[in-house]
Amino acid sequence: MPTEANRDEEARAATTDRAGGATGAGAAPPAPASPLTERQEARRRRILRACARLAGRGGFDAVQMREVAESSQVALGTLYRYFPSKIHLLVATMQDQLETLHGTLRKEPPAGETPAERVAETLMRAFRALQREPHLADAMVRALTFADRGVSPEVDQVSRQTTAIILDAMELADPTPGQLSAVRVIEHTWHSALITWLSGRASIAQVETDIETVCRLVDLTAPKSADGA
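Scope of this entry: the structure provided in the associated data block. Quantities reported herein were computed from a predicted structural model and do not represent experimental measurements.

**Focus: the overall build of the chain**
Turning to step 1, where the next piece is worked out: Within the chain, the regular secondary structure consists of ten helices and zero strands.
Turning to step 2, where the next piece is worked out: Looking at the chain residue by residue over its 229 residues, the buried ones come to 41%.
Turning to step 3, where the next piece is worked out: Taking all contacts inside the chain whose residues are at least 6 apart in sequence as the whole, residues at least 24 apart take part in 72%.
Turning to step 4, where the next piece is worked out: Of the roughly 12,300 Å² of accessible surface on the chain, 52% is carried by carbon and sulfur atoms.

**Looking at the nonpolar core**
Turning to step 1, where the next piece is worked out: Membership of the largest hydrophobic core comes to 59 residues, with the highest contact counts inside it found for Leu89, Val119 and Trp190.
Turning to step 2, where the next piece is worked out: If one sorts the elements of this core by residue count, helix α5 (residues 86–107) sits on top with nine residues.
Turning to step 3, where the next piece is worked out: Contact partners of Leu89, with chain neighbours within four places excluded, come to Ile47, Leu48, Cys51, Val63, Met65, Val68 and Phe83.

**Points about unusual backbone geometry**
Turning to step 1, where the next piece is worked out: Positive phi, normally seen in glycine, also occurs at Gln73, with a value near 60°.
Turning to step 2, where the next piece is worked out: Considering the arrangement of structural elements, one finds Gln73 in the loop between α3 (65–72) and α4 (76–82).
Turning to step 3, where the next piece is worked out: Its identity as a non-glycine residue notwithstanding, Glu171 has a phi of 60°, on the positive side.
Turning to step 4, where the next piece is worked out: Tracing the backbone through its elements, the reader meets Glu171 in the loop between α8 (152–170) and α9 (177–198).

**Comments concerning the environment of Ala120**
Turning to step 1, where the next piece is worked out: Within the fold, Ala120 resides in helix α6 (residues 115–131).
Turning to step 2, where the next piece is worked out: Here the alpha-carbon distance between Ala120 and Pro110, two residues ten residues apart in the chain, equals 9.0 Å.
Turning to step 3, where the next piece is worked out: Not counting chain neighbours up to four residues away, the residues in contact with Ala120 comprise Ile211, Glu212 and Cys215.

**Observations concerning the packing of aromatic side chains**
Turning to step 1, where the next piece is worked out: For the structure on display, the rule yields three aromatic pairs.
Turning to step 2, where the next piece is worked out: An angle of 35° between the planes, with centres 6.4 Å apart, marks the rings of Tyr82 and Phe83 as tilted. Across the pair, exposure class does not vary: Tyr82 and Phe83 are buried alike.
Turning to step 3, where the next piece is worked out: Seen in terms of ring centroids, Phe127 and Trp197 are 4.9 Å apart; in terms of plane orientation they differ by 75°. Their pairing is edge-to-face. Taken together, the positions of Phe127 in helix α6 and Trp197 in helix α9 put the pair 70 residues apart, joining distant regions of the chain.

**A word on the packing of helix α2 (residues 38–58) against helix α7 (residues 134–146)**
Turning to step 1, where the next piece is worked out: Between α2 and α7, whose axes approach to 6 Å, the crossing angle comes to 110°. With respect to α7, the element α2 is oriented roughly perpendicular. The chirality of how α2 crosses α7 is right-handed. Of the residues in α7, those in contact with Ala52, Ala55, Gly56, Arg57 and Gly58 of α2 are His135, Leu136 and Ala139.
Turning to step 2, where the next piece is worked out: Along the lines of polarity and charge, the residues of the contact of α2 with α7 split into four nonpolar, three polar and one charged.

**Quick notes on α7**
Turning to step 1, where the next piece is worked out: Under the 1.5 Å per step criterion, the end-to-end length of α7 is 18 Å for 13 residues, consistent within 8% with the ideal 18 Å.
Turning to step 2, where the next piece is worked out: Looking at α7, one finds that the buried residues are Leu136, Ala137, Ala139, Met140, Val141, Ala143 and Leu144.
Turning to step 3, where the next piece is worked out: Looking at the buried residues of α7, the elements they touch are α2, α5, α6, α8 and α9.

**Some details on α8**
Turning to step 1, where the next piece is worked out: For α8, built from 19 residues, the straight-helix expectation of 27 Å at 1.5 Å per residue is met to within 8% by its first-to-last C-alpha distance of 27 Å.
Turning to step 2, where the next piece is worked out: Regarding α8, the residues found buried are Glu154, Val158, Gln161, Thr162, Thr163, Ile165, Ile166, Leu167, Ala169 and Met170.

**Brief notes about the pattern of salt bridges**
Turning to step 1, where the next piece is worked out: One pass over the structure, following the stated rule, counts seven salt bridges.
Turning to step 2, where the next piece is worked out: The salt bridge involving Arg45 is made with Asp96; its shortest N-O contact spans 3.1 Å. Residue Arg45 is found in helix α2, and its partner Asp96 is found in helix α5; the two are separated by 51 residues along the sequence.
Turning to step 3, where the next piece is worked out: The exposure class assigned to Arg45 is partly exposed, which follows from its relative accessible area of 30%.
Turning to step 4, where the next piece is worked out: Among the ionic pairs, Arg125 bridges to Glu121, the shortest N-O distance being 3.8 Å. Of this pair, Arg125 and Glu121 both sit in helix α6, four residues apart, which is roughly one turn of the helix.
Turning to step 5, where the next piece is worked out: Arg125 sits in the partly exposed class, given a relative accessible area of 22%.
Turning to step 6, where the next piece is worked out: The class for Glu121 is partly exposed, based on a relative accessible area of 28%.
Turning to step 7, where the next piece is worked out: Residues joined by salt bridges that share partners form a network here, namely Glu108, Glu121 and Arg125.

The rules behind the values
Residues numbered from 1 in each chain as written. Predicted model: local features only at pLDDT ≥ 70, side-chain atom pairs only at ≥ 80, totals over all residues. Heavy atoms only, no water. Helix = DSSP H or I, 4+ residues; strand = E, 2+ residues; numbered from the N terminus. Buried < 20%, exposed > 50% of the residue type's maximum accessible area, 1.4 Å probe, protein only. Contact = heavy atoms within 4.5 Å. Areas by Shrake-Rupley, 256 points an atom, 1.4 Å probe, with all protein chains shown as cover. Core = buried A, V, L, I, M, F, W, Y, C linked by side-chain atoms within 4.5 Å. Phe/Tyr/Trp six-rings, centres within 6.5 Å; stacked < 30°, edge-to-face > 60°. Axes fitted to C-alpha atoms, helices over the stretch in contact; angles between N-to-C directions. Parallel < 35°, antiparallel > 145°, perpendicular 65-115°, else oblique. Left-handed = near helix turned anticlockwise from the far one by under 90°. Nonpolar A, V, L, I, M, F, W, Y, C, P; charged D, E, K, R; others polar. Expected span 1.5 Å × (residues − 1). Salt bridge = Lys/Arg side-chain N within 4 Å of Asp/Glu carboxyl O.

Structure (structure tokens):
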């Protein structure tokens, strides 16, 4: 448990955090985000790890802000400055999980011969990682589903991370508008497949089929060579 002195120090430090800002009705908008210090980043990572542990044990309902604060050894007020709500926290946790996956994929890239095959393999690896932590997966996907405009920055980070993972699998640094459109459709399908699997309305085999099918858009939207090949 954090001591009273630690609570005061945490509260002062958190006033400059990028996730800061008042949450009450009529509150002024938060100041522009500033980079986190090394100490603040370590604190943020403790919070995200605590959230993932609680969600992994009991899903969405198990993530209570007071318990997250206690588990990560920060004051409750500090936690709310980093993450104004449970939804903010869980969406940020998903972004963190995707970032970890992205690092793994860079070390062990997909082996498919075509861009479509590599993207499908990548998304199935991501799906299997979530499958190993079904309670955590359910909590994060529910948070994304419940997120309103107030959580847009966190949701956008999840989308950007997913897009970066797909583009890396495509081995593409300068996508065309058509390719970016295909990536968006793939993202939507992947998210929908997670929801239907978590709700018990789709089997793992069905998820894999849907992902492989939508990933064919990658090859269909590839620019044609000058000779039409």
